[in-house]
Amino acid sequence: MKAIGFKEHLPIESKNSLVEFELPKPAAKGHDLLIKVEAVSVNPVDTGVRKSGHGILKQPKVIGWDAVGIVASTGDKVSLFKEGDQVFYAGSFKRPGSNSEFQLVDERIVGHAPKNLSIQQAAAMPLTSLTAWEALFEQLEIDPHAQTLNHNKTILIINGSGGVGSIAVQLAHWAGLKVIASASRPETIEWVTKLGADQTVNHRQDLVKEVRNLGYKYVDFILELNDLDGHWNEMAELIKPSGRIASITENRHPVNLRKLTQKRAKFAWEWMYTKSFYQTPDMITQHQILDQVADLLDKDILKSTLNKTLSPINVLNLKKAHQLVESNHMIGKVVISALE
């Protein structure tokens, strides 16, 4: 089968930053599904893994952590899917990615693809939906079904127009929270407002002043999606006593949790790959979350964040997608599909 990956950690403009090569087609065993990939999305994690590292790899590394495809065959322990099912998933950090004709994925981290969306619209959703869902409803411990209680609570989402932010704004709105999303450009302000943000603030300004100018001394929850180091002091000041903060971004400096001591506030990390990386007992929750996300998409409660489509899946289009993501000006998601 054909696959696209890299052996050297190079700038995307370099000729060998991404290359096509042949791999043996894998066979499904145990809980694995063999999936024929139809569409993929590119996320910041793709560009980060491609760029960071040294030396030349012995074998090419296949990346890609968002896909829609058809189940071609199943392992002997598979019970959630059958051949011919259309599925969507983000995959595992420990296994070859979706930038190939076929891919093996554990059924417990795969969802049934939404029925009312195109493959391109669906491929934009798995990684960001899982991250946003786990951050809000597991790490921040918000009850998505307590809409009436949540109406009195406020969440600040820092970087609301990015991939994860675009889903988090919608899910927080669906859960009944008052949503303040940070955005710094007219087009990103318009984007987050359309997705359900009640109010916006500019993360390039002093967030404490920005939030307090809206009339809030503190907020109940903060979801940090960009520049933890730069916003830590602001978050420590803005979080309500006994409030909760979650972050998905890497930090260069140690997080000073002492700043939360008097407020008795909680801080949690969200890493979407944790469950599959450590094969945790609750790994199947990712299957359940994706099925719920598909249902919300089919009911038009949640909207796809697809914003650009390229076709077909080849080196040239994957390089274009990586460049778009690396520009840090991407609103929503870019998807590459095998079909027009």
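Every chain is numbered independently, its residues counted from 1 as its sequence is written. In keeping with the model being predicted, local features are shown solely for residues with a pLDDT of at least 70 and side-chain atom pairs are shown and tallied solely at 80 or more, while totals for entire chains, interfaces and linings include all residues. Excluding hydrogens and water, the side-chain figures rest on all heavy atoms present in the structure.

Some points on the UniProt feature "domain: Enoyl reductase (ER)" (unreviewed entry) in the protein
Stage number 1. UniProt positions are given in the numbering used here, feature names are shortened, and annotations may be inferred rather than shown by experiment. Under the UniProt annotation, the feature "domain: Enoyl reductase (ER)" (unreviewed entry) is placed at residues 17-336.
Stage number 2. Under the DSSP-based scheme used, a helix requires at least four consecutive residues in state H or I and a strand at least two consecutive residues in state E, with every element numbered from the N terminus. Between the first and last C-alpha atoms of residues 17-336 the distance is 18 Å; the span itself is 32% helix and 26% strand.

Thoughts on the side chain of Ser41
Stage number 1. Here Ser41 is to be found in strand β3 (residues 32-42).
Stage number 2. Pairing of N or O atoms within 3.5 Å defines a polar contact, subject to two protein rules: one partner must be a possible hydrogen donor and the other a possible acceptor, and residues neighboring in sequence count only if both atoms are side-chain atoms. A distance of 3.2 Å separates the side chain of Ser41 from the side chain of Lys333, its partner in a polar contact.
Stage number 3. In this structure, Ser41 is in contact with Asp46, Asp66, Ala123, Ala124, Lys333, Val334 and Val335, ignoring residues within four places of it in sequence. Contact definition: two residues touch when any of their heavy atoms are within 4.5 Å.

Overview of the sheet that holds strand β2 (residues 19-22)
Stage number 1. Here 3 strands make up an open sheet; going across it, the order is β2-β1-β4 and the pairing antiparallel. Of all the strands in the sheet, the pair left with one neighbour each is β2 and β4 (56-62). Taking the axes of each pair of neighbouring strands and ignoring which way they run, one obtains an average angle of 45° across the sheet. Paired strands, in this sense, are two strands between which DSSP finds at least two bridges. Axis lines are fitted through C-alpha atoms, for helices just across the contact stretch, and the angle between N-to-C directions can take any value from 0 to 180 degrees.

Re the nonpolar core
Stage number 1. Among the buried residues, those of types Ala, Val, Leu, Ile, Met, Phe, Trp, Tyr and Cys that are joined through side-chain atoms within 4.5 Å form a nonpolar core. Burial classes follow relative accessibility: with a 1.4 Å probe on protein chains only, a residue under 20% of its type's maximum area counts as buried, one over 50% as exposed, and anything between as partly exposed. The biggest cluster of nonpolar side chains holds 83 residues, and the ones touching the most others in it are Leu136, Ile155, Ile157, Leu171 and Leu223.
Stage number 2. Ignoring sequence-local partners within four residues, the contact set of Ile157 consists of Gly165, Ala168, Val169, Ala172, Val179, Ile180, Ala181, Ser182, Leu223 and Leu225.
Stage number 3. Val201, Ile222, Ile239 and Ala265 belong to the second-largest nonpolar core, a separate cluster that totals 19 residues.

Observations concerning the packing of aromatic side chains
Stage number 1. Two aromatic rings, drawn from Phe, Tyr or Trp (for Trp, its six-membered ring), form a pair once their centres lie within 6.5 Å of each other, and the interplanar angle then sorts them: stacked below 30 degrees, edge-to-face above 60, tilted otherwise. The full count for this structure, using the stated rule, is 12 aromatic pairs.
Stage number 2. The interplanar angle of 85° and the centroid separation of 5.0 Å between the aromatic rings of Trp133 and Phe137 together place this pair among those described as edge-to-face. On the criterion of helical spacing, the pair formed by Trp133 and Phe137 is a turn pair, its members being 4 residues apart in helix α3 (residues 126-139).
Stage number 3. Given a relative accessible area of 7%, Trp133 falls into the buried group.
Stage number 4. Look at Phe137 and you get buried, because its relative accessible area is 11%.
Stage number 5. When the centroid spacing of 6.2 Å and the interplanar angle of 70° are considered together, the rings of Phe137 and Trp174 count as edge-to-face. A residue pair is termed long-range when its members are at least 10 positions apart, and Phe137 in helix α3 and Trp174 in helix α5 (residues 163-174) qualify at 37 residues. For the pair Phe137 and Trp174, a shared accessibility class is recorded, and that class is buried.

Topic: helix α8 (residues 228-238)
Stage number 1. Along α8, the positions that sit buried rather than exposed are Leu228, His231, Trp232, Glu234, Met235, Ala236 and Leu238.
Stage number 2. Where α8 is buried, its residues contact β9 (154-158), α7 (207-213), β12 (219-224), β13 (239-247) and β14 (266-269).

Topic: the domain arrangement of the protein
Stage number 1. Where each domain begins and ends follows an automated or database-derived domain assignment. The domains assigned to the protein are domain 1 (2-128 + 280-337) and domain 2 (140-269).
Stage number 2. Here domain 1 and domain 2 have C-alpha centroids that lie 28 Å from each other.
Stage number 3. Taken together, the contact pairs 13 residues of domain 1 with 12 residues of domain 2.
Stage number 4. Carbon and sulfur atoms make up 71% of the surface buried where domain 1 meets domain 2, a total of about 1200 Å² over both sides.
Stage number 5. Once two parts are brought into contact, the accessible area they lose, counted with a 1.4 Å probe and summed over both, makes up the buried area. On the domain 1 side of the contact with domain 2, Thr128, Thr305 and Ile331 bury the most area, a combined 42% of that side's loss.
Stage number 6. When a carboxyl oxygen of Asp or Glu is within 4 Å of a side-chain nitrogen of Lys or Arg, the pair counts as a salt bridge. Inspection of the domain 1/domain 2 interface yields 0 salt bridges.
Stage number 7. Linking domain 1 with domain 2 are 1 residue pair in polar contact (both at pLDDT 80 or more).
Stage number 8. Each residue is assigned to one of three groups, with Ala, Val, Leu, Ile, Met, Phe, Trp, Tyr, Cys and Pro labelled nonpolar, Asp, Glu, Lys and Arg labelled charged, and all others, Gly among them, labelled polar. Of the residues that constitute the side of domain 1 that touches domain 2, the class distribution is 6 nonpolar, 5 polar and 2 charged.

Brief notes about the sheet that holds strand β11 (residues 199-201)
Stage number 1. One open sheet holds the 6 strands; their spatial order is β11-β10-β9-β12-β13-β14, and the pairing between them is parallel. With partners counted over all chains shown, the strands left at the sheet margins are β11 and β14, one partner each. For this sheet the average axis-to-axis angle between neighbouring strands, irrespective of direction, equals 20°.

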